[in-house]
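One letter stands for each residue in the lines below.
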Amino acid sequence: MMAFGLPVQRAQVENLYVEAMLLADEAHAAFAVQRDLGRIDGGRIAGGRDSLHLVGLACESLKTTTRLMHIIAWLLHRRAMIAGDPGAGANDSAARIGEPVAADWSVCLGFDSAIRRIIAASERLFERVAALEAGWDTPQAVTPVQELLAQLEARL
């Protein structure tokens, strides 16, 4: 990481961390409400929900939670790297966001709009983090100004 990029990267990581934690709290609360609405009540599933719907809800809840925890782990690792923690290396497995676990939107269409919004937001956040990682890892081209500065430095 270049020294001049660290304050920007630190700010990006901190802002994304706050966003991810808020989304994780929102997801936890929303999925808990849906789970409570689907409790078995007197042998019948409350709210007219069938067991297949509840299994789909549980699966998508797990996928969303896993996606968000993966993002949070990546952000915490980046935070440690930026701070210079010797235990947080660029080649660690936690330093890579990896491949996303996609939601099954054919199942998600049967969920409430609030749940669908949270699932979509977690997928977008994952994509943003992956794009950010790719941008940080791409070698930067030397600008003409940097080239001139390097020439001046070599002459001194």
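Residues numbered from 1 in each chain as written. Predicted model: local features only at pLDDT ≥ 70, side-chain atom pairs only at ≥ 80, totals over all residues. Heavy atoms only, no water.

(A) Focus on the side chain of serine 122. With respect to the secondary-structure elements, serine 122 resides in helix α4 (residues 113–137). The contact partners of serine 122, leaving out residues within four places of it in the chain, are Leu23, Thr64, Arg67, Leu68 and Ile71. (Helix = DSSP H or I, 4+ residues; strand = E, 2+ residues; numbered from the N terminus. Contact = heavy atoms within 4.5 Å.)

(B) Up close: the nonpolar core. Counting 29 residues, the largest nonpolar core has Leu68, Ile71, Leu75, Ile119 and Leu125 as the members making the most contacts within it. Elements supplying a minimum of two residues to this core: α1 (6–37), α2 (51–83) and α4. If sequence neighbours within four positions are ignored, isoleucine 119 has contacts with Phe31, Glu60, Thr64, Arg67, Ala103, Trp105, Cys108 and Phe111. (Core = buried A, V, L, I, M, F, W, Y, C linked by side-chain atoms within 4.5 Å. Buried < 20%, exposed > 50% of the residue type's maximum accessible area, 1.4 Å probe, protein only.)

(C) Region of the structure containing the pattern of salt bridges. For the coordinates displayed, the defined rule picks out five salt bridges. One salt bridge in this structure joins arginine 79 and glutamate 14, with 2.8 Å as the shortest N-O distance. One end of the pair, arginine 79, is in helix α2; the other, glutamate 14, is in helix α1, with 65 residues separating them in the sequence. According to the relative accessible area criterion, arginine 79 is partly exposed, its value standing at 29%. Overall, the relative accessible area of 29% leaves glutamate 14 in the partly exposed class. Residue lysine 63 is joined to glutamate 60 by a salt bridge in which the shortest nitrogen-to-oxygen separation is 3.1 Å. (Salt bridge = Lys/Arg side-chain N within 4 Å of Asp/Glu carboxyl O.)

(D) Spotlight on a nonpolar patch on the surface. Where nonpolar side chains cluster on the molecular surface, the patch consists of Val145, Leu149 and Leu152 and spans about 300 Å² of accessible area. Inspection of the secondary structure puts leucine 152 in helix α5 (residues 144–155). (Patch = residues over 30% accessible without salt bridge, like charges linked within 9 Å, V, L, I, M, F, W, Y side chains within 5 Å. Areas by Shrake-Rupley, 256 points an atom, 1.4 Å probe, with all protein chains shown as cover.)

(E) Broad picture of α1. With 32 residues, α1 should cover 46 Å at 1.5 Å per step; its first-to-last C-alpha distance of 46 Å lies within 8% of that length. All of the buried residues along α1 are Gln9, Val13, Leu16, Tyr17, Ala20, Leu23, Ala24, Ala27, Ala30, Phe31, Ala32 and Gln34. (Expected span 1.5 Å × (residues − 1).)

(F) Structural context of α5. Taking 1.5 Å per residue, twelve residues should reach 16 Å; α5 reaches 17 Å between its end C-alpha atoms and fits that length. Across the twelve residues of α5, zero count as buried, placing the element largely on the outside.

(G) Representation of the packing of α1 against α2. Interhelical geometry of α1 versus α2 gives an angle of 160 degrees and a closest axis separation of 9 Å. If you check the angle between α1 and α2, you find them roughly antiparallel. Along this stretch, α1 crosses α2, giving a crossing that reads as left-handed. Split by residue class, the contact of α1 with α2 holds 18 nonpolar, four polar and six charged. (Axes fitted to C-alpha atoms, helices over the stretch in contact; angles between N-to-C directions. Parallel < 35°, antiparallel > 145°, perpendicular 65-115°, else oblique. Left-handed = near helix turned anticlockwise from the far one by under 90°. Nonpolar A, V, L, I, M, F, W, Y, C, P; charged D, E, K, R; others polar.)

(H) Representation of the side chain of glutamate 123 within the structure. Along the chain, the position of glutamate 123 falls in helix α4. Buried charge glutamate 123 goes without a salt bridge, the closest partner of opposite sign being arginine 67 at 4.0 Å. With near-sequence residues (within four places) excluded, glutamate 123 lies in contact with Arg67, Ala102, Ala103 and Trp105. (Lys, Arg positive; Asp, Glu negative; His and termini not counted.)

(I) How the structure looks around the packing of aromatic side chains. If you walk through the whole model with that rule in mind, you get zero aromatic pairs. Between the NZ or CZ atom of arginine 79 and the centre of the ring of tyrosine 17, over which it lies, the distance is 4.4 Å. (Phe/Tyr/Trp six-rings, centres within 6.5 Å; stacked < 30°, edge-to-face > 60°. Lys NZ or Arg CZ within 6 Å of the ring centre and 35° of its normal.)

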